[in-house]
Amino acid sequence: MAQESSGPHVDRSTDVARRWLMALERCVRPLDYAAARPLFAADVIAFGTRAYTVRDRETLEREQWRPVWPSIRGFTFRLDELRCWGGEQGLCVTVPWDSLGVQPDGTTVPRPGRATVFLVPREREWVAVHSHFSLTPSPPQP
């Protein structure tokens, strides 16, 4: 049976999700691709802000991480808005994130987004078998 984990009580599932998300943050900011690789399954299926659909970790790194990470600053998950469903065999995690996009002239603009990650335990570590990162939609113009 799926459980939602939120609010002040942090259960094991939410703790797993928080640790995974914080580990990814620690990779994105310094452009540490090598440290990010073990967080994702080799056969990950992912959608990104740049990559349409990728079906393995190498392609995810090449088509999403390497073009995007150097052009953003301050990547941070909003952990207080984290939602987590699942249990010992798999977790669905949803969370908004913030970053600043760096323009060609060096100025920055807000670049908020949201993520859905599906984590499973493999070889005693939790890894993403699916991730979907997208930018927050702009409000409709009148």
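We now turn to the structure provided with this report.

### Quick notes on unusual backbone geometry
- Here E123, not a glycine, exhibits a phi torsion of approximately 50°, which is positive.
- Residue placement: E123 occurs in the loop between β7 (113–122) and β8 (125–135).
- On the basis of relative accessible area, E123 is assigned to the exposed category, the value being 80%.
- Located in the positive-phi region is R124, a residue other than glycine, with phi close to 70°.
- Judged by relative accessible area, which is 82%, R124 ranks as exposed.

### Some points on the side chain of R111
- Secondary-structure assignment places R111 in the loop between β6 (108–110) and β7.
- In this structure R111 is buried but unpaired, with D98 as the nearest side chain of opposite charge at 9.7 Å.
- Separated by 3.2 Å, the side chains of R111 and T49 make a polar contact.
- Apart from residues lying up to four places away in sequence, R111 is in contact with T49, V68, I72, W97, D98, S99, L100, G101 and L135.

### Here we look at the side chain of S134
- The topology assignment puts S134 in strand β8.
- Note on S134: relative accessible area 16%, which makes it buried.
- For S134, the side chain forms a polar contact with the side chain of R114, separated by 2.9 Å.
- Residues contacting S134, with those up to four places away along its chain left out, are T49, W97, G113 and R114.

Criteria and cut-off values
Residues numbered from 1 in each chain as written. Predicted model: local features only at pLDDT ≥ 70, side-chain atom pairs only at ≥ 80, totals over all residues. Heavy atoms only, no water. Helix = DSSP H or I, 4+ residues; strand = E, 2+ residues; numbered from the N terminus. Buried < 20%, exposed > 50% of the residue type's maximum accessible area, 1.4 Å probe, protein only. Lys, Arg positive; Asp, Glu negative; His and termini not counted. Salt bridge = Lys/Arg side-chain N within 4 Å of Asp/Glu carboxyl O. Polar contact = N/O pair within 3.5 Å; in protein donor to acceptor, adjacent residues only side chain to side chain. Contact = heavy atoms within 4.5 Å.

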